[in-house]
Structures are given as C-alpha cells and as structure tokens.
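Listed below, chain by chain, are the residues.
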Amino acid sequence: MSDQTERLEKPAVTKKILLKVFGLGGAGCNAAGFASQAGFDGVDFMAANTDAQSLEACVAPAKFVLGANQTRGLGAGGDPELGRAAAEEDIEKIRSLCDGADIVFLLAGLGGGTGTGAAPVFARVAREKGALVLALVTLPFEFEGARRQLQAQSGLQQLKTHADAVICLPNQKLFKMLDENTSVLEGFKISNALLADGLCGIWRMLTQTGLINVDFADLCSVTRGRHAASFFATAEATGDKRAEQVSEKLLAHPLLDGGQVLNESDSLLVSIVGGPEMTMSEIHKLMEPLHRQCENAHIIFGAAIDPAFAGRLSVTLIASRKRQEEEPPAFKGLLADKLESMQFLDTAVQEKSTSRFGAPPPELSEEKKEQIMRGQTRASRKKLSRMQKELPLEIIFKGRFEKSDPTIRNGEDLDVPTYIRRGVPLN
Amino acid sequence: MFDSSSIIVGLEIGTSKICAVVGEINATNGLNIIGLGQARSRGVRKGEIADAALASEDVRNAIVEAEQMANAEIRSVYLGVTGNHVRGFNNHGVHPVVSADREITIEDTQDVVKNAKAINLPIDNTVVHAIRQLFQVDSQLGIQNPIGMYGAKVEVDVHVVHGHVDRLKNSIAVVRGLQLEVEEIVFTGLASALALLSNEQKELGSLVIDVGAGATEYVVYSDGIIKHTGVLAVGGDHISNDLAYGLKVPLKRAELLKIEHGGSFVDESVKGKTISSDGELGLPSKIINLEHLRRIMSLRLEETFELIETELSSLGLLDRMRAGVFICGGGARIPGIQILAGNIFQMPAFLGKTNSISGLKSALDQPEFATAIGLAKFGSLQQKRRRVVNLADGIRKTITEIFTRK
C-alpha cells in the first residue's frame with residue numbers, strides 16, 4: 001500500500017500511512033485492547049461498543065459508546081439489527097473518526113449484536129471516506145448455537161460487500177490449540193491474541209517496504225471474492241533451523257487444519273520478515289514445502305528486513321479458497337475494475353466513495369461472461385486436481401468376505417462394517 | 001416306503017445351513033411336511049456356492065437326514081437360489097386385439113404375455129421366474145382374466161426374476177452331482193413369501209424380508225401379485241463379522257456373542273454394561289462392552305432395512321403394503337428385529353409364521369425353515385397344477401390356467 005499511494009501522490013516524499021483500528025462489539029473491543037498494548041507505532045486504536053459497561057473495562061486508548069439513544073448504553077442484546085441501527089445513529093461520528101485514515105482495520109466477533117450489525121456500517125463509512133477497509137473477524141464457537149452461527153454468516157455476507165477484504169478466524173478451530181484445562185477466559189483470550197497477531201502481521205506486511213514488497217492490492221487479490229474462506233496464520237522461529245521450523249509450524253498450524261487448508265486453497269499470500277542476516281537459502285527452504293503443499297495455488301510472496309527481527313524469522317500467511325456459491329461473477333468483475341483503477345490514480349480512490357454498492361453491476365458482454373465462466377470452470381477443475389491427494393494406506397477390514405464379490409450399493413461397500421462407514425465411534 | 005413320485009422336496013443351500021424339507025400331498029390336495037433334514041453349510045458365501053466340494057458334502061448330509069426322517073427316497077428337489085446377482089423387475093407387454101368384433105381370445109392373452117416376456121437381459125443372465133400379473137384392457141386396470149371381454153388393446157405386466165447363468169448353474173451342478181434331479185429352481189425370497197403369507201395378506205399387500213446368513217431377500221406382494229423382488233447380499237454373517245472387528249474377538253466368538261447377547265436396539269438395560277466371555281474352547285477370557293455390541297448390530301440392521309426401504313419407496317410401494325412386514329430367516333431370531341423393522345418401514349411388522357402350510361408340526365415352524373418349507377410348497381403348487389390337467393372335470397378352467405400361466 002505504502003509505495004502505492006506514494007507513487008501515486010508524491011513520488012519523492014515518504015508519506016506516513018495512517019492506520020486506524022476499530023474494535024467493534026465485545027470481542028472486537030477486547031481484541032483491540034489486546035493489540036493496542038502490543039505497541040504498533042502509527043496506529044490509532046479505537047474501541048466502539050453499544051454496551052457502556054463492558055467498554056469501560058476495555059483497555060483501548062480511545063473508546064466511544066455507539067447508539068447511546070438507541071440502546072441507552074446497555075448493549076445490543078445479540079440483535080444485529082439493533083447493532084446496525086446504533087451504528088447508523090452515530091454515523092457522523094464514525095465518519096469523522098475515519099477522516100484521514102488510509103487503511104481501516106475492523107476487528108469484530110461476528111454472531112452477536114454490535115459486532116455483526118455495526119461492522120458493515122463501519123466498513124461502508126470508511127470506504128466512503130476513501131480508506132481501504134480490512135476486516136478481521138471471528139466466527140462463533142459451535143457451542144454458541146446455530147442462531148449465532150446464522151447471524152455470523154449473514155453478518156459476514158454483508159461485511160463482504162462493504163469491506164475490501166475480510167479474513168475469518170473460526171473460533172471452533174481454536175479447540176485444536178487448547179488443551180483440556182484451558183478456561184473459557186483463556187480461550188477467548190487466545191482468540192483475541194490471534195486476531196491481534198493477524199493484525200500485527202498484516203500491518204507489518206503493509207507498512208514495511210520489503211525487498212520483495214507486498215502491498216494492499218496483493219492482499220486484496222488474495223482475499224477478494226473469496227472472503228468466506230480466507231484463513232490466516234502466523235509463525236515465528238529463531239535459531240539456526242528457523243526456516244525449517246517456521247514452515248513446519250505453518251504446516252501444522254491448527255488454523256490451517258494442519259496444512260489441509262493449504263491443499264485446498266487457490267491463492268496464498270506469504271510475507272516473511274526477518275533480520276538483516278536472513279539468507280536467500282532460508283527463504284527458499286521456507287517456501288519450498290509451501291509450494292509443494294499447494295502446487296496449483298497462486299502464491300504471492302513478500303520478504304522484508306527489519307533490524308528489530310535480528311535472529312528471528314516471522315511469517316504471515318493468508319490462504320484463500322474459492323467457493324462456488326460465492327458472489328456473482330459480475331460483481332467480481334466490477335471489483336477487479338475498481339482495483340485496477342485504484343492502482344493508478346489517487347482520484348480513483350476518491351471516486352470509489354461514490355461507492356460500488358449503490359450502482360448495479362455493469363452489463364457484461366457475452367465475451368466477458370464466457371471468459372468468466374471459463375475461468376470458473378478452469379478453477380473448479382484445478383480445484384479437483386488439488387483435492388486429489390495421495391491415498392492413505394487404508395486396510396479395509398472385510399473379514400470373511402475378503403475373497404467374495406463385494407456387495408456394492410450406492411457406491412458403498414456393504415461388507416465393511418456399518419459403524420466404520422458411518423464413523424460411529426466406539427469409545 | 002412312500003412312493004417317491006408323490007413326495008415333494010424343497011432344498012435350500014443357505015450360507016449357514018443347508019435345509020431339505022420333504023412334503024407330501026394329502027387327500028385334500030394340501031401339503032404335509034413329513035421330513036426335514038439340515039446340515040451346517042461350509043461351502044457357501046453370501047448365498048452362492050464358494051466351495052462346490054464342501055457344499056456337495058453338506059447337501060448330501062442334509063438330504064440323507066431328510067430321507068431318514070421322512071422314510072422316503074428323494075429323487076428330485078425344488079432348489080432355492082439366491083445371491084447378489086438375482087434381480088427382479090417388471091416388464092410390460094402390449095397386444096392389439098385383432099378379431100373383427102374385438103372380443104379378446106385366448107390367443108390374444110397368449111400373445112400379450114409373450115410380448116411382456118420378451119425382455120432384454122444382460123447377456124449372461126437367464127430368467128428364473130416370469131410371473132404374470134394383472135391384465136389391463138384398454139384403460140381398465142386389474143383384470144384377472146380378460147378372455148371374452150371386449151377391447152382394442154390388451155396389456156399385461158410380467159414380473160421377471162433373473163440371475164447370472166453360471167452362478168445359477170453352480171448350485172444346480174452341486175445337486176446334480178449327487179444324482180438328484182432339479183425339478184425347478186426357485187428364488188428363495190419367493191419361496192419364503194409362499195410359506196409365510198396367506199392369500200389375504202397377499203391381497204392386502206405385504207413385504208417379506210428373509211434375513212439369512214449371507215443374503216437378505218425381500219419380496220413385495222400387493223393386490224395378490226408379486227410387485228417387487230430383490231436381494232441384498234448382507235446378512236447375519238455381516239453382523240458377526242462387524243462384531244468380530246468392532247469387539248476384537250475371533251469370528252467364532254462373535255457369532256456366539258451375537259446369538260447370546262444380540263439385539264436390535266441399544267436399550268437402557270445394556271448402557272455401560274460389560275460381560276466377560278469366558279475362555280471356553282481354548283479362547284482366552286475377554287471383557288466385552290454390551291453397549292458396543294448392540295450398537296454395531298443395530299447400525300447394521302438399520303442400514304439393511306433402510307436400504308430396502310429406500311428402494312421400495314422409490315418404487316412407490318410403501319403405501320401398498322397394508323398387511324405389514326413379515327420377517328423370517330435366521331435373522332428373525334434377533335430380539336426386537338420386528339420393532340426395528342416397524343420403526344423403519346412405518347408399518348406393523350411381525351415375525352413370519354409358516355402358517356400357510358397345513359399339518360405342519362409346530363417344531364418345524366421356525367423362521368429358519370420358512371424358505372425350505374416354501375420351496376416344498378412351491379413344488380406342491382406346481383404338481384397340483386399338473387395334476388389338475390389330468391382331471392376330467394373343470395377342463396375349461398384348466399385350459400385357461402395352462403394358457404395363461406404358461
């Protein structure tokens with residue numbers, strides 16, 4: 001991003017990018033508070049919640065109560081509509097807060113009232129003010145119930161239409177990182193810490209000009225149109241074998257389902273930050289296993305040197321999976337156009353404020369449609385081949401039926417015990 | 001000794017046992033069961049011959065036992081066949097009425113049945129049964145006998161049961177190897193249905209499920225005729241096998257556990273209970289979790305019934321079985337199986353009784369013997385048909401019979 005705006009506006013002068021982080025709702029405030037203590041320079045933290053009481057407890061440097069008239073500072077009660085209304089009420093305030101920001105990060109826990117309802121509003125306003133909007137959101141734990149999941153999904157859909165990029169952290173995946181004795185508090189703390197980690201990683205990626213630079217457009221090209229399935233993970237290591245260690249950590253990362261996500265993702269953003277002594281062979285060692293994991297994926301790769309990282313190696317990885325049921329192709333095309341124009345003209349960023357959600361998707365020529373369709377089918381075919389993995393050595397027990405004709409019904413071998421096929425556990 | 005020509009023998013070469021039933025036709029043209037012989041089967045898997053030598057030996061034992069009990073010499077048998085290769089389907093035949101006054105004649109009915117029997121089978125398959133169903137004259141459905149009626153077009157459905165020719169030959173060869181004649185081969189599911197169902201039940205509509213050791217056969221009767229037949233090569237052996245694997249016990253012990261502690265449901269009484277199967281037969285003692293045992297069994301049984309249910313519901317037959325489900329075969333021994341079937345098919349389910357046979361000793365009224373008894377009954381019906389031909393009275397009826405059934 002940095003070099004982008006620079007190049008566009010004042011090629012000779014280094015412009016400081018203004019980053020603003022908004023924590024929305026209970027989870028968002030906690031995450032923002034957590035991150036604000038991690039100490040990013042040049043980043044403004046802001047916590048906004050409808051619940052004045054919980055906002056009081058937040059450690060973020062700046063905070064304000066959303067929709068004081070609507071909710072009387074008592075919270076949105078898990079109703080996204082109320083959360084949205086509260087944000088709409090304070091829209092002027094939000095607008096003024098977004099003033100001058102180049103990049104706006106939104107941290108929110110989807111599924112509740114404030115985060116789910118207000119995040120899309122914030123995203124919209126921030127975009128209208130000409131900022132690039134990146135949302136980092138958590139999805140509820142499964143035990144929180146189907147209703148919250150549903151709310152989270154619909155909130156995510158809305159957020160996707162308003163934000164430039166959305167990255168999800170499904171809390172359910174945290175379970176793999178927790179042990180039996182982890183308390184609820186710790187669990188949510190880890191969730192917050194991960195959000196903050198992600199924020200930190202992305203912030204570093206965008207603000208530090210690297211040897212091989214990664215900018216916001218790169219980030220967008222990975223996450224765009226695939227938001228529902230964007231995953232991130234960070235890993236860090238020190239010592240002689242740090243390159244190997246980092247790639248090992250990434251491949252075993254629970255948020256990536258132990259590397260499973262990499263197999264299925266079709267674009268990947270890898271940003272490496274290391275000390276001045278980082279060697280080329282280290283980068284190679286790190287990237288090689290990743291390449292092997294996702295041969296067909298589009299990999300965007302960045303590397304930066306930071307003296308503060310002496311002896312350390314830190315990697316931020318964002319993986320995206322295309323889903324068939326994603327937004328209509330017309331919309332994607334429009335987004336792409338927007339981004340293209342953004343690359344060259346600062347005014348384009350301003351133009352953006354006339355906002356894409358108002359305008360209907362442009363008419364596509366037959367040619368273009370066909371092109372998009374073809375692109376899609378190719379992608380799906382590609383995906384299929386990606387799914388094709390090495391078959392595990394599976395000894396199917398058939399006992400006395402070993403040598404007889406298999407009894408196949410609907411593609412199932414009925415000779416294999418039913419409880420195995422249905423995956424019923426016998427503890 | 002009885003005159004061997006008057007006795008009828010049904011022979012079932014099953015996966016777990018081989019059963020021969022000897023019957024004779026009594027004065028009232030009914031069937032009396034006079035002998036039964038059985039032997040443990042070793043050469044059969046999933047209802048099909050896997051080891052001809054062993055199977056032949058076992059068949060011999062069963063036949064000898066039956067001969068001794070009936071005090072008769074067995075020369076020919078009605079042989080039951082089953083296996084995954086046996087399939088049933090309905091075929092439709094149409095024939096335009098040619099005579100000037102559009103009266104339907106015997107020739108018309110013959111032709112329409114011939115048309116219906118002209119079917120395309122896979123190249124290696126042969127017809128086991130072709131069972132005529134009801135006629136249709138123009139748009140009038142459900143006509144038993146259209147001769148003498150008027151119409152432009154006669155139609156008929158034929159239910160065809162067919163199987164792979166070589167596999168059918170395998171079991172025939174085993175019997176022939178013992179110098180026995182095979183009168184006819186009969187689909188075992190059909191035989192079980194014959195043994196179990198009364199005419200009324202056939203009329204109301206019933207489903208007969210024969211849960212054997214190697215295969216499960218099912219037959220649907222509705223409006224007095226066979227609507228559907230099928231085989232699923234899954235049975236009691238699969239349950240034992242699942243148990244052996246799931247509980248990590250030898251197959252033999254799994255079989256014993258199934259018989260002693262088996263059930264169709266995981267009910268409260270077994271939750272968290274264990275049994276220690278003692279180390280007889282040189283097997284070491286082991287703690288078995290009863291809940292797991294039941295879960296493995298119930299899952300398998302549920303699945304088997306569900307597969308049948310799905311098939312029947314896709315054919316739209318579920319609503320037409322008002323008498324309910326009748327279960328026979330060794331699987332009917334599993335406690336609660338009729339309740340499970342009732343739950344899955346959503347209709348009353350019973351353990352089948354072979355009550356359609358007159359003069360049957362109650363000792364023989366066991367679910368395992370239903371098939372063999374049904375085979376004997378099938379034989380008696382065939383013989384009765386032949387005998388009727390010879391009788392002077394009722395010639396008209398006979399002629400109709402011959403021509404329509406042929």
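Residues numbered from 1 in each chain as written. Chains lettered and ligands numbered in written order. Predicted model: local features only at pLDDT ≥ 70, side-chain atom pairs only at ≥ 80, totals over all residues.

Here we come to the overall build of chain B. Helices and strands together make up the secondary structure of chain B, namely 11 helices and 18 strands. Across chain B, the fraction of contacts at a sequence separation of at least 24, relative to all contacts at a separation of at least 6, is 70%. (Helix = DSSP H or I, 4+ residues; strand = E, 2+ residues; numbered from the N terminus. Contact = placed C-beta atoms within 7 Å.)

This part covers the confidence of the model for chain A. Residues and elements named next belong to chain A. With 74% of its residues at a pLDDT of at least 70, chain A reaches an overall mean of 73. Under a pLDDT of 50 for its full length, residues 324-358 has, in the predicted model, 41 contacts with residues more than four places off or in other chains. Every residue in residues 379-384 scores below 50 in pLDDT, and together they form 6 contacts with partners more than four places removed in sequence or on other chains. (pLDDT = per-residue confidence, 0-100.)

On to the pairing of strand β1 (residues 7-13) of chain B, then. On a regular strand, each side chain points to the face opposite its neighbour's, so the side chains alternate between the two faces of the sheet. Residues and elements named next belong to chain B. Taken across its 7 residues, β1 has 7 buried, putting it largely inside the fold. On β1, burial covers both faces: I7, V9, L11 and I13 on one face and I8, G10 and E12 on the other are all buried. Bridge count for β1 against strand β2 (residues 17-25) is 7 bridges, and the pairing is antiparallel. Paired with I8 across the two strands is G23, which belongs to β2. As consecutive antiparallel partners, β1 and β2 are separated by 3 residues. Where β1 lies against strand β6 (residues 76-81), 3 bridges are found, and the strand directions are parallel. The residue bridging E12 from the neighbouring strand is G80, located in β6. (Buried ≥ 20, exposed ≤ 12 C-beta atoms within 10 Å, placed from the backbone. Pairing = 2+ DSSP bridges.)

With 16 residues of chain A at the contact, the number on the chain B side is 21 residues. The residue makeup of the side of chain A that touches chain B, split by class, is 7 nonpolar, 4 polar and 5 charged. (Nonpolar A, V, L, I, M, F, W, Y, C, P; charged D, E, K, R; others polar.)

Residue and element names in this part refer to chain A. It is the contact of helix α5 (residues 80-89) with helix α7 (residues 114-128), at a shortest axis distance of 6 Å, that shows an interaxial angle of 40°. In terms of their interaxial angle, α5 and α7 are classed as oblique. Considering how the two elements wind past one another, α5 and α7 form a crossing that is right-handed. When α5 is examined against α7, the residues P80, E81, L82, G83, R84, A86, A87 and E88 are found in contact with a partner set consisting of T114, T116, G117, A118, V121 and F122. Looking at side-chain class alone, the contact of α5 with α7 contains 7 nonpolar, 4 polar and 3 charged residues. (Axes fitted to C-alpha atoms, helices over the stretch in contact; angles between N-to-C directions. Parallel < 35°, antiparallel > 145°, perpendicular 65-115°, else oblique. Left-handed = near helix turned anticlockwise from the far one by under 90°.)

Moving on, we come to the confidence of the model for chain B. Residue and element names in this part refer to chain B. For chain B, per-residue confidence averages 87 on the pLDDT scale, and residues scoring 70 or more make up 90% of the total. Mean pLDDT across the elements of chain B ranges from a minimum in helix α11 (residues 395-405), with 56, to a maximum in strand β12 (residues 206-211), with 95. What the predictor reports for the complex is a pTM of 0.54 with an ipTM of 0.78.

As a further point, take the packing of α7(A) against helix α8 (residues 146-162) of chain A. Residues and elements named next belong to chain A. Closest axis-to-axis distance for the α7/α8 pair is 9 Å, and the angle between their directions is 0°. Regarding the angle of α7 to α8, the classification is roughly parallel. Judged by residue contacts, T116, A119, P120, A123, R124 and R127 of α7 engage Q151, A152, G155, Q158, L159 and H162 from α8. Classifying every residue of the contact of α7 with α8 by side-chain character gives 5 nonpolar, 5 polar and 2 charged.

Turning our attention to helix α2 (residues 106-117) of chain B. Side chains that are three or four residues apart share a direction in an α-helix, a result of its 3.6 residues per turn. Residue and element names in this part refer to chain B. If you check α2, its first and last C-alpha atoms are 17 Å apart, about what 12 residues at 1.5 Å a residue would give, namely 16 Å. Along α2, the residues that are buried comprise D108, T109, V112, V113 and A116. Relative to the axis of α2, the buried residues are bounded by an arc of 130° and lie together on one face. (Expected span 1.5 Å × (residues − 1). Arc of directions from axis to C-beta.)

All names here are of chain B. Non-glycine residue D223 carries a positive phi angle of around 55°. Mapping D223 onto the fold places it in the loop between β13 (216-222) and β14 (225-232). The phi dihedral of Q346 is positive, around 55°, even though this residue is not glycine. Within the fold, Q346 resides in the loop between α9 (337-345) and β18 (349-351). A residue is classified by how many C-beta atoms lie within 10 Å of it, and Q346, with 12 of them, is exposed.

Let's shift gears to the sheet that holds β13(B). The strands making up a sheet associate through backbone hydrogen bonding, with each pair oriented either parallel or antiparallel. Residues and elements named next belong to chain B. Strand order in the open sheet formed by 5 strands is β14-β13-β12-β17-β18, with mixed pairing between adjacent strands. Edge positions in the sheet fall to β14 and β18, since each has one partner strand and no second. Averaged over all adjacent pairs, the angle separating strand axes in this sheet is 20°, with direction ignored. When β13 meets β14, the two strands line up antiparallel, connected through 7 bridges. Paired with T216 across the two strands is L232, which belongs to β14. Those strands touched by α9 are β12, β17 (324-328) and β18, and its axis lies near 155° from that of β18.

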